[in-house]
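Given next are the chains, with one letter for each unit.
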Amino acid sequence: MTHVFKFRHRGTAGMGNLAVDLRAESAPVENGIPPHSMQIHKKVWLGLPASGLHWKDAAWLAFGVSLNAPALSELLPDGVFIRASSLDYPLSDYRSEAAALAMDRWLHTQFDIEHSGAAVTYEVSRDQLTFTWGKTVHPFSDAPQ
């Protein structure tokens, strides 16, 4: 069953808002590698919407799964396929990093896993959103964390 998750971050005085609607579902990995999927970690796989996505949205969705992949692997050693069926957002309240936060929060509503530490804050003094990724300092880097 597809679950809809609405990620919202409200900044201060109307600044620094983020909004993302993610529709996703999970299923056990029973018959090998799911078609048209990407491996995130061991037997944790991600499928993207058939309608397609901007590459940055796809990368950040995958990163959102990767933040939780070790915990998912421990919880579901036989594997899990996470299929994102859609990612919708208003252009005025969106940054691609929000896809990772939406996926992170969706995973935590679906599975009993420890929080990854992913968060966003709005810094009024700098008029800027600041994203933190738990133990991950530089997303997409192959350098040791």
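Everything numeric here is computed off the predicted structure, so don't read it as measured data.

> Mind laying out the overall build of the chain, listing which residues take part and the relevant values?
Counting its secondary structure elements, the chain contains three helices and seven strands. Its helices and strands taken in sequence order, the chain reads β-β-β-β-α-α-β-α-β-β from the N to the C terminus. What you see for the chain is a C-alpha radius of gyration of 15 Å, in line with the 15 Å of a compact globule of 145 residues. Relative to its full complement of 145 residues, the chain shows a buried share of 43%. Taking the 12 positively charged and 15 negatively charged side chains of the chain as two groups, their mean positions are separated by 3 Å.

> Summarise the packing of aromatic side chains; cite the residues concerned and give the values.
By the definition in use, this model includes six aromatic pairs. Their ring planes at 90° and their centres at 5.5 Å tell us that W60 and F63 sit as a pair that is edge-to-face. Separated by three residues within a single helix, W60 and F63 lie in helix α1 (residues 55-66), roughly one turn from each other. With respect to class, W60 is no different from F63; both count as buried. Ring centres of F131 and W133 lie 5.8 Å apart, and the angle between their planes is 5°; on these two criteria the pair is classed as stacked. One exposure class covers both F131 and W133, and it is buried. Grouping aromatic residues by their ring pairs yields a cluster made of W60, F63, F131, W133 and F140.

> Provide a residue-level description of the environment of E74, including the pertinent values.
As for its position among the elements, E74 is in helix α2 (residues 69-75). A sequence separation of 39 residues divides E74 from I113, and the C-alpha atoms of the two residues are 9.4 Å apart.

> How would you sum up the nonpolar core? Please name residues and give values.
Residues L22, I82, M103, W106, L107 and W133 are the most contacted members of the largest nonpolar core, which totals 38 residues. When residues of this core are assigned to their parent elements, the largest contribution, eight residues, is made by helix α3 (residues 97-110). The contact partners of L107, leaving out residues within four places of it in the chain, are G64, V65, N68, L72, I82 and I113.

> Help me get a handle on unusual backbone geometry, residues and values and all.
The phi torsion at K42 lies on the positive side, around 45°, for a residue other than glycine. With respect to the element layout, K42 can be found in the loop between β3 (37-41) and β4 (44-47).

> Could you give me a rundown of the pattern of salt bridges, with the residues and numbers involved?
Side-chain pairing between opposite charges can occur once the charged atoms of the two side chains come close. Tallying each qualifying case throughout the model produces six salt bridges. Salt-bridge contacts for D88 lead to R23; the nearest nitrogen and oxygen are separated by 2.9 Å. Of this pair, D88 sits in strand β5 (residues 80-88) while R23 is found in strand β2 (residues 18-28), placing the two residues 65 residues apart along the sequence.

> Give me the environment of W55: which residues, what numbers.
Here W55 lies in helix α1. Between the alpha carbons of W55 and I113 there is a distance of 27 Å; along the sequence they are 58 residues apart.

> Just give me the short version of the pairing of strand β7 (residues 128-133), but keep the residues and values in it.
Burial along β7 is one-sided: L129, F131 and W133 are buried, and none of Q128, T130 and T132, which face the opposite way, are. In this structure, strand β6 (residues 118-123) lies alongside β7, joined through six bridges in antiparallel fashion. Considered in β7, the bridge of A118 is made with W133.

Thresholds, definitions, all that
- In this convention, every chain numbers its residues from 1, walking through the sequence in written order.
- Reporting in this predicted model follows two pLDDT cut-offs: at least 70 for local features of residues, and 80 or more for side-chain atom pairs to be given and counted; totals over whole chains, interfaces and linings ignore these cut-offs and use all residues.
- For the side-chain quantities, the full set of heavy atoms in the structure was used; hydrogens and water were omitted.
- Labels follow the DSSP assignment, with helices taken as runs of H or I lasting at least four residues and strands as runs of E lasting at least two, numbered in each case from the N terminus.
- What the globule rule says is 2.2 Å times the number of residues to the power 0.38, and the radius of gyration is computed from C-alpha atoms.
- When accessible area is computed with a 1.4 Å probe and restricted to protein chains, residues below 20% of their type maximum are described as buried, those above 50% as exposed, and intermediate ones as partly exposed.
- Charge convention: Lys and Arg are scored as positive, Asp and Glu as negative, and His as well as the terminal groups of each chain are ignored.
- Taken as the charge location is NZ of Lys, CZ of Arg, CG of Asp or CD of Glu.
- Only Phe, Tyr and Trp rings are paired, with Trp represented by its six-membered ring, and only when their centres lie within 6.5 Å; those with planes under 30 degrees apart are stacked, over 60 edge-to-face, the remainder tilted.
- Remark: nonpolar core denotes a set of buried residues (Ala, Val, Leu, Ile, Met, Phe, Trp, Tyr, Cys) joined through side-chain atoms within 4.5 Å.
- Any two residues whose heavy atoms approach within 4.5 Å at even a single point are treated as in contact.
- Every case where a carboxyl oxygen of Asp or Glu lies within 4 Å of a side-chain nitrogen of Lys or Arg is listed as a salt bridge.
- Two strands make a pair as long as DSSP finds a minimum of two bridges between them.

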